[in-house]
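What the coordinates show
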Amino acid sequence: MNPLALMVFLISLAIGATTTMLSHHWLLAWIGLEINTLALLPIMMKTPHPRAIEATTKYFLTQATASALMLFSCLINALQTGEWNINNPHNLMTTPLSLAIMMKLGLAPLHFWLPEVLQGTPLSTGLILSTWQKIPPMILLLQISPNINLSLTIIMGLTSILIGGWGGIGQTQLRKIMAFSSIGHLGWIILILKLNPQLSLFSFILYIIMTTAMFLSLIMLSTTKMSQISISWTKNPAMMTTTMLILLSLAGLPPLTGFQPKLLIILELIKQNMIISATLTMLTSLLALFFYLRLTYIVTLTLSPSTHNSTTTWRTSMKPQLPSAITSIMALTLLPLTPAILLM
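Residues numbered from 1 in each chain as written. Predicted model: local features only at pLDDT ≥ 70, side-chain atom pairs only at ≥ 80, totals over all residues. Heavy atoms only, no water.

1. Considerations on the overall build of the protein
To be explicit about the condition: By definition, any uninterrupted DSSP run of H or I lasting at least four residues is a helix, any uninterrupted run of E lasting at least two residues is a strand, and each is numbered from the N terminus. The globule rule used for comparison is 2.2 Å times the number of residues to the exponent 0.38, while the radius of gyration itself is calculated over C-alpha atoms. Classification of residues uses two cut-offs on accessible area relative to the type maximum, computed with a 1.4 Å probe and protein chains only: under 20% is buried, over 50% is exposed, and between them is partly exposed. Any two residues having at least one pair of non-hydrogen atoms within 4.5 Å are treated as being in contact. Under the counting rule used here, the positive set is Lys and Arg, the negative set is Asp and Glu, and His together with the chain ends is not counted. We put the charge of a Lys on NZ, of an Arg on CZ, of an Asp on CG and of a Glu on CD.
Along its length, the protein carries 16 helices and 0 strands. The C-alpha radius of gyration computed for the protein amounts to 20 Å, which stays within 12% of the reference 20 Å derived for 344 residues, consistent with globular compactness. Seen along its three principal axes, the alpha-carbon backbone of the protein occupies a region of about 70 × 50 × 35 Å. Buried positions account for 53% of the 344 residues belonging to the protein. A separation threshold of at least 6 residues defines the contact pool for the protein, and within that pool the share at least 24 residues apart is 77%. Mean positive and mean negative side-chain charge positions of the protein (15 and 5 charges, respectively) differ by 17 Å.

See the structure below:
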């Protein structure tokens, strides 16, 4: 793609997301989301492959449906209350609005587009889809969290954790595994959105850090399938060790960063006397733990018989390593800083 065109699209992505995040007016927030969606479509199609075009079409149709539902809900609410304010406590259409935003996020059972779209795009575009594109809808959900239906968030959260673990078990494509991982993590975040929005935001920031670290590791290794990552140990042993630890962090194992949001969310559910929800959450998260451990085993504990003995790195393409290093360190070492971060 032309570098000038790519720069224009990336600036549009930034402007669209910033517009949505800074707006107090539903129409302005909707416009920001539309700019964001339209700017990403050419980036998704920068490699003219039938699978990329199919993924772009699916993404466009899903986002257009969610945007139409969101605009319809805003218009009905404006007709009934005479206000376009996002923080309006008398919002009559909170549930359809929440569903439209959750469809944009890819929460189950509105998740069917996400694995297919991620599978059809390059890793760099998958990184944008899994991180940057999630920020504006999540900020909108946080803004309407006082009015949101508690039963809706609990049902969507538990369903997303279950689907995120169940869907990822049989996958061999790393991009699809990351898509189901995203669904599962967003389920944890949505679960306590109504009860503790600050903890939701904190968990979302950590999700962004860990997902970015994982995608950057895959970009550095140029791997998209389990069969490729299983023979990458001889390419870059240090990178593979870091990738294994990031996977364990995504699984939520102590003493890594991914453990703290899960611990705090379970504690919050118990504090709210939601013992059954906490138990179901922990049991369904074991499904996701299984496929993370399976991938970790393939990454580090198996060695393909066809690997070469050479220590040269001619197969490893030179890519910028600083962003990967920074995000990897943050994805692994933030657990001891939890009290300080929460006090901030």
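Back to the write-up after that little detour.
2. Remarks on unusual backbone geometry
Put simply, Ala108 and Pro109 share a cis peptide bond, and its omega is 5°. Mapped onto the secondary structure, Pro109 falls in the loop between helix 4 (94-105) and helix 5 (113-119). For the peptide bond that leads from Pro254 to Pro255, omega is 5°, which places it in the cis range. Take Pro255: it is sitting in the loop between helix 12 (237-251) and helix 13 (259-271).

3. Some details on the environment of Leu41
As for its position among the elements, Leu41 is in helix 2 (residues 26-44). Leu41 gets classed as buried once you look at its relative accessible area, which sits at 12%. Considering only alpha carbons, one finds Leu41 and Thr57, 16 residues apart in sequence, at a separation of 8.6 Å. Those residues in contact with Leu41, other than ones at most four positions away along the chain, are Thr56, Tyr59 and Phe60.

4. Digging into empty space enclosed by the protein
Keep this limit in mind: Definitions used throughout: a 1 Å grid over protein atoms alone; a cavity as a set of points that fits a 1.4 Å probe which cannot get out; a pocket as an open set with protein on both sides within 12 Å along at least five of seven lines; a lining residue as one with an atom within 4 Å of a point. Grid points are joined across faces, edges and corners, and a volume is the space filled by probe spheres set on the points. Here the nonpolar group is Ala, Val, Leu, Ile, Met, Phe, Trp, Tyr, Cys and Pro; Asp, Glu, Lys and Arg are the charged ones; every other residue, Gly included, is treated as polar.
Evaluated as defined, the whole model comprises 3 cavities of 30 Å³ or more. Here the largest cavity defines a volume of roughly 100 Å³. Lining the largest cavity are Leu33, Asn36, Thr37, Tyr59, Gln63, Lys104, Trp113, Leu129, Gln133, Lys134 and Pro137. Put simply, the parts of the chain that give the lining of the largest cavity at least two residues each are helix 2 and helix 3 (50-81). Sort the elements by how many residues they give to the lining of the largest cavity and helix 2 lands first, with 3 residues. Here the lining of the largest cavity is built from residues that sort into 5 nonpolar, 4 polar and 2 charged.

5. Quick look at the UniProt feature "transmembrane region" (unreviewed entry) in the protein
Spelled out, the test is: UniProt positions are given in the numbering used here, feature names are shortened, and annotations may be inferred rather than shown by experiment.
UniProt marks residues 26-47, 59-80, 92-114, 150-170, 201-221, 233-254, 274-293 and 325-343 with the feature "transmembrane region" (unreviewed entry), using the numbering shown here. The distance separating the terminal C-alpha atoms of residues 26-47 is 34 Å; by composition the span is 86% helix and 0% strand. The straight-line gap between the two end C-alpha atoms of residues 274-293 is 29 Å; of that span, 95% is helix and 0% is strand.

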